[in-house]
Amino acid sequence: MSHSYVIKKTEHELYNEWLADEYRALRHLEKTALPVPRAIHFMQIRTPDGC
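Read on for an overview of the structure. For clarity, every value in this text was computed on a predicted model and none was experimentally measured.

Criteria and thresholds
- Residues numbered from 1 in each chain as written.
- Predicted model: local features only at pLDDT ≥ 70, side-chain atom pairs only at ≥ 80, totals over all residues.
- Heavy atoms only, no water.
- Helix = DSSP H or I, 4+ residues; strand = E, 2+ residues; numbered from the N terminus.
- Areas by Shrake-Rupley, 256 points an atom, 1.4 Å probe, with all protein chains shown as cover.
- Salt bridge = Lys/Arg side-chain N within 4 Å of Asp/Glu carboxyl O.
- Contact = heavy atoms within 4.5 Å.
- Expected span 1.5 Å × (residues − 1).
- Buried < 20%, exposed > 50% of the residue type's maximum accessible area, 1.4 Å probe, protein only.
- Arc of directions from axis to C-beta.
- Patch = residues over 30% accessible without salt bridge, like charges linked within 9 Å, V, L, I, M, F, W, Y side chains within 5 Å.

Counting its secondary structure elements, the protein contains one helix and zero strands. Accessible surface computed for the protein: about 4,900 Å², of which carbon and sulfur atoms make up 60%.

Before going further, it helps to spend a moment on the pattern of salt bridges. Applying the stated criterion across every chain yields a total of three salt bridges. The closest approach of N and O atoms between Glu22 and Lys8, which form a salt bridge, is 2.8 Å. With Glu22 in helix α1 (residues 13-29) and Lys8 in the segment before α1, the pair connects residues that are 14 residues apart, well separated along the chain.

Tracing the chain through its elements places Ala25 in helix α1. In sequence terms Ala25 and Ala39 are 14 residues apart; their C-alpha atoms lie 9.3 Å from each other.

This part takes up the environment of Leu26. Note on placement: Leu26 falls in helix α1. Distance from Leu26 to Pro37, taken between C-alpha atoms, is 7.3 Å for residues 11 residues apart in sequence. Not counting the four nearest positions on each side in its chain, Leu26 is found in contact with Val36, Pro37 and Ala39.

The next point concerns α1. Its 17 residues place the ends of α1 24 Å apart at the C-alpha level, agreeing with the 24 Å of an ideal helix rising 1.5 Å per residue. Three or more residues of α1 are buried, namely Asn16, Leu19 and Ala20. Relative to the axis of α1, the buried residues are bounded by an arc of 100 degrees and lie together on one face.

On the surface, a cluster of nonpolar side chains totalling about 320 Å² of accessible area is made up of Leu14, Tyr15 and Trp18. Looking at where Trp18 falls in the secondary structure, it is placed in helix α1.

Structure, rendered in structure tokens:
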């Protein structure tokens, strides 16, 4: 079995919010019959400067 992974990284709070929204949407769509990629994990790390 072959696995594919996508890792996304941003350096702006707005883009971090978009990625969080995308993760939640994918998790919701997994429960439907639509062919969507499986969202395995979302991690957000904040640096001392707030990003």
